[in-house]
Amino acid sequence: PGLMLSEGVGNEVEDVAGFFATKRKLSLGDKSCAIGRLSWEWLEQSTKLEAVQRVGYVTKPTVTAVAEDVALGAVEAGIVWHAVAASYPELRFFPLSGEEVPLVMASVAVIGGRQRMNDAEKFARYLTESEEAKLVFEKYGFKRKGGASE
């Protein structure tokens, strides 16, 4: 996850901390969506929640709606997934960093007793162990845990 900045935010903002120092309005996912739960948890743990509450924010039901707010200039920034920010190459994106950033886990499973089970197992191993898959995950802002990348 990270902070996507609207085109209206000048070059004086060079990182996440710089954005919060400028007292600008933020779009956040509400707590019913994954990016919202992560955003609110990060804001609380990183002590930035108080600053956000003082300046003001809007909440949206999905990460796509957060990104649209930023792209349209309705707000100066929003917390979105790296993969979503990649759809807006004209906008700047700063990954959230530090120990307070919660991990988001995704899993791969193979259900036994199905046709083509061997193929499914090969695909799961490819995702978790191949260098090629690792590079694709990294390109879109994901870190792979398990398999050969651990």
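Residues numbered from 1 in each chain as written. Predicted model: local features only at pLDDT ≥ 70, side-chain atom pairs only at ≥ 80, totals over all residues. Heavy atoms only, no water.

Undergrad: Give me the overall build of the chain: which residues, what numbers.
TA: Looking only at helices and strands, the chain has seven helices and five strands in total. In the chain, the order of α-helices and β-strands from amino to carboxyl end is β-α-β-α-α-β-α-β-α-β-α-α. When the 150 residues of the chain are sorted by exposure, 37% land in the buried category. Counted over contacts in the chain with a minimum sequence separation of 6, partners at least 24 positions apart contribute 59%. (Helix = DSSP H or I, 4+ residues; strand = E, 2+ residues; numbered from the N terminus. Buried < 20%, exposed > 50% of the residue type's maximum accessible area, 1.4 Å probe, protein only. Contact = heavy atoms within 4.5 Å.)

Undergrad: I'd like to hear about the side chain of Ser130, residue by residue, with values.
TA: Take Ser130: it is sitting in the loop between α6 (117–129) and α7 (131–139). For Ser130, the side chain forms a polar contact with the main-chain oxygen of Tyr126, separated by 2.8 Å. (Polar contact = N/O pair within 3.5 Å; in protein donor to acceptor, adjacent residues only side chain to side chain.)

Undergrad: Go over the environment of Pro1 with me, naming the residues and quoting the values.
TA: Assignment of secondary structure puts Pro1 in the segment before β1 (2–5). Under the relative-accessibility criterion, Pro1 is labelled partly exposed at 24%. Once the C-alpha coordinates of Pro1 and Ser97 are considered, the two residues, 96 residues apart in sequence, prove to be 8.9 Å apart.

Undergrad: Please provide a residue-by-residue account of the environment of Val16, values included.
TA: Looking at the element boundaries, Val16 is found in helix α1 (residues 16–21). Val16 sits in the buried class, given a relative accessible area of 10%. Those residues in contact with Val16, other than ones at most four positions away along the chain, are Leu3, Trp42, Lys48, Phe94, Pro95 and Leu96.

Undergrad: Mind laying out the sheet that holds strand β4 (residues 77–80), listing which residues take part and the relevant values?
TA: Backbone hydrogen bonds are what pair the strands of a sheet, in a parallel or an antiparallel way. Taken in spatial order, the five strands make up an open sheet running β3-β2-β4-β1-β5, and their pairing is mixed. In this open sheet, the two strands that pair with only one neighbour each are β3 (57–60) and β5 (92–95). The average angle at which neighbouring strand axes cross in this sheet is 25°, direction not considered. As paired elements, strand β2 (residues 26–29) and β4 share two bridges and run parallel to each other. (Pairing = 2+ DSSP bridges. Axes fitted to C-alpha atoms, helices over the stretch in contact; angles between N-to-C directions.)

Undergrad: With reference to specific residues and values, describe the packing of aromatic side chains.
TA: With the rule as written, the count across this model stands at four aromatic pairs. When the ring of Phe19 is compared with that of Phe20, the centres are 5.4 Å apart and the planes differ by 85°; the resulting orientation is edge-to-face. Here the two residues Phe19 and Phe20 agree in accessibility, since each one is buried. Relative to Trp42, the ring of Phe20 has its centre 5.9 Å away and its plane inclined at 50°; by these criteria the two rings are tilted. Of the two residues, Phe20 sits in helix α1 while Trp42 sits in helix α2 (residues 34–45), which places them 22 residues apart along the sequence. Neither Phe20 nor Trp42 differs from the other in exposure class; each is buried. Ring pairs connect the aromatic residues Phe19, Phe20 and Trp42, which therefore count as one cluster. (Phe/Tyr/Trp six-rings, centres within 6.5 Å; stacked < 30°, edge-to-face > 60°.)

Undergrad: Go over the pattern of salt bridges with me, naming the residues and quoting the values.
TA: Pairing between side chains becomes possible if they bear opposite charge and their charged atoms approach one another. Applying the stated criterion to the full structure yields three salt bridges. With its nearest N and O atoms 3.2 Å apart, the salt bridge here joins Glu50 to Arg54. Of this pair, Glu50 and Arg54 both sit in helix α3 (residues 49–55), four residues apart, which is roughly one turn of that helix. Salt-bridge contacts for Asp69 lead to Lys60; the nearest nitrogen and oxygen are separated by 3.7 Å. For Asp69, a relative accessible area of 11% corresponds to the buried category. (Salt bridge = Lys/Arg side-chain N within 4 Å of Asp/Glu carboxyl O.)

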